[in-house]
Amino acid sequence: MRLPFLPHLPYRNLLAGLAILLAGCAGDPLQHADGLASGAAFQREEIDTGRFVLTTYVKARPAPTVLRVYIEGDGRAWLSRTQVSPDPTPHEAMGLQLALSDARADTATDTANGTALLYLARPCQFTPMARNPACGPAYWTGLRYAPEVVDAMNQALSQYVARFKPARLELVGYSGGGAIAVLLAARRQDVSAIRTIAGNLDHVAVNRWHQVSQMPGSLNPIDVAQRVRTIPQRHFSGADDRVVPTVITRDFLAQTGACAALQVVPGMAHESDWPAIWPGLLRQPLPCTSHTAAAGGKTQ
C-alpha cells in the first residue's frame, strides 16, 4: 500500500493536541455526557461484562424494528507526546453526539418509529476506575482493540440484543469505534449493517503512516474484512482527514467487495463536526439492500 504524502504531525501529536484543547472545554466528562444525553431522553446504564464495567446510554423500547448501536472512539489516550492519560474518557464524546444527532433528526430514530438507539463507551471510559480494576493505560494504548476488549463489547451488545430483541442490528463506529464495529460484526451472525465515520480500519497501516509504535496485542479490522463482506456497509471518510487518511478506507474496501461503499465527504477532517451532518449521511442507501437497488445501486 502506498500512502500519499500529506503534511502532518505525528499521530500522537495530533491526539495530544486534541486532548489538551478538549481538557479546557469541559469539567467532569461524565456530567457533561449526562447533560447531553438527558436532553435527548437517553438513560445512562452500566453493564458488567466480567473484566470491564461498560458505560452505556440507551433510548429504546422493547422489540424495536432496528437497534442502532454507536461505538465511541479511542478517547483521551494521551496528555502529551510522551505522557499517557490516566483516564481515556473523551471530554467531547463524538460517538455519543452522533447518537444524539440521530435521535433528534426528523428521519432518524425516535422510538416512536420502531428504532432503538444504544451508545457503547469503550472499556475504561466514563466508568469510575474503582469499579474497573482491570483498567490500565495499556487498554487505551496498545491493547485498545485486544481480544478481551472486543469480548467485553460483544458481551454488552449481546445483553442489549437479548433485552430488546430487535429485528435488525446496525453498528456505527467513530474513529477507533469503527475498528470495534467491524471486529464485532466479524464474530456475530445478527449484524445487518455497518457504518463508520473516520474509521480506523487498519491500525497497522495507520501507525506505519504516522511512524509510531505498532499494536501487536490488538486485533486489526482489515484482517477480518472477508468475514464481513456480505454485510451492507457504508464508510465515511473526511477529505481533509490527516489522522486516518481516506486511502486506509479504500484499502479496506478492496478486501470486502461490492457490499461495502466509501463516501468521501469534502471539507471534513477527523475531528470535524460530524454530528451536524450525520442525519444526511445516515440517509445514504447501503449497498446490497433493496433500497440501493431502487436507487440504482449507485455509490460514491
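The structure under discussion appears in the preceding block.
Note that the structure is a prediction, hence the values are computed from the model and not measured.

Parameters and conventions
Residues numbered from 1 in each chain as written. Predicted model: local features only at pLDDT ≥ 70, side-chain atom pairs only at ≥ 80, totals over all residues. Heavy atoms only, no water. Helix = DSSP H or I, 4+ residues; strand = E, 2+ residues; numbered from the N terminus. Expected span 1.5 Å × (residues − 1). Buried < 20%, exposed > 50% of the residue type's maximum accessible area, 1.4 Å probe, protein only. Contact = heavy atoms within 4.5 Å. Axes fitted to C-alpha atoms, helices over the stretch in contact; angles between N-to-C directions. Parallel < 35°, antiparallel > 145°, perpendicular 65-115°, else oblique. Left-handed = near helix turned anticlockwise from the far one by under 90°. Nonpolar A, V, L, I, M, F, W, Y, C, P; charged D, E, K, R; others polar. Disulfide = S-S within 2.5 Å. Pairing = 2+ DSSP bridges. Core = buried A, V, L, I, M, F, W, Y, C linked by side-chain atoms within 4.5 Å.

Overview of helix α4 (residues 147-164)
Part 1: Look at α4: 26 Å from first C-alpha to last across 18 residues, which is about the 26 Å you get at 1.5 Å a residue.
Part 2: Among all positions of α4, only V149, V150, A152, M153, N154, A156, L157, Y160, V161 and F164 are buried.
Part 3: On its buried face, α4 is in contact with β1 (43-48), β2 (53-59), β3 (66-71), β4 (115-120), β5 (168-174) and α5 (176-187).
Part 4: A positive backbone phi angle near 50° is found at K165, which sits one or two residues after α4.

Notes on the packing of helix α3 (residues 94-104) against helix α8 (residues 274-282)
Part 1: Relative to each other, α3 and α8 sit at 50°, their axes nearing to 8 Å. Put simply, α3 runs oblique to α8. Crossing of α3 against α8: the hand is right-handed. For the pair α3 and α8, the contacting residues are M94, Q97, L98, S101 and D102 in the first and W274, P275, W278, P279 and L282 in the second.
Part 2: Residues that form the contact of α3 with α8 fall into these classes: seven nonpolar, two polar and one charged.

Observations regarding the state of the cysteines
Part 1: Applying the stated criterion across every chain yields a total of two disulfides.
Part 2: In this model, C259 is linked to C288 through a disulfide, with the two sulfur atoms separated by 2.0 Å. Judged by the sign of its S-S torsion, about -95°, the cystine formed by C259 and C288 is left-handed. On the criterion of sequence distance, the pair formed by C259 in the loop between α7 (246-256) and β8 (260-265) and C288 in the loop between α8 and α9 (290-294) is long-range, its members being 29 residues apart.
Part 3: Among the residues examined, C259 registers a relative accessible area of 12% and is labelled buried.

So, the packing of α4 against α5
Part 1: Where α4 contacts α5, the axes come no closer than 10 Å and their chain directions differ by 70°. Overall, the two elements α4 and α5 adopt an arrangement that is roughly perpendicular. Along the contact surface, α4 presents P147, V149, V150, D151, M153, N154 and L157, while α5 presents I180, L183, L184 and R187.
Part 2: Broken down by class, the residue content of the contact of α4 with α5 amounts to eight nonpolar, one polar and two charged.

Here's the deal with unusual backbone geometry
Note: most peptide bonds trans; most residues except glycine with negative phi.
Part 1: Phi angles above zero are rare outside glycine, and K165 is one such case at about 50°.
Part 2: Along the chain, K165 falls in the loop between α4 and β5.
Part 3: By relative accessible area, which is 60% here, K165 ends up exposed.
Part 4: Non-glycine residue Q211 carries a positive phi angle of around 55°.

Thoughts on the pairing of β2
Part 1: Taken across its seven residues, β2 has seven buried, putting it largely inside the fold.
Part 2: Neither face of β2 is left uncovered, since the one carrying V53, T55, Y57 and K59 and the one carrying L54, T56 and V58 both have all their residues buried.
Part 3: As paired strands, β1 and β2 are joined by six bridges and run antiparallel to one another. Pairing of Q43 across the sheet is with V58, part of β2.
Part 4: Linkage of β1 to β2, two consecutive antiparallel strands, is achieved through a turn of four residues, within which G50 is found at a positive phi near 100°.
Part 5: Two elements, β2 and β4, share four bridges in a ladder whose sense is antiparallel.

Topic: the nonpolar core
Part 1: Of all hydrophobic cores here, the largest spans 50 residues; its most connected members are V69 and L171.
Part 2: No other element matches the nine residues that α4 contributes to this core.
Part 3: Contact partners of L171, with chain neighbours within four places excluded, come to V69, L157, A181, L184, A185, V191, A193, I194 and R195.
Part 4: Core analysis: the second largest hydrophobic core is formed by 29 residues, Y70, Y119, A121 and F126 among them.

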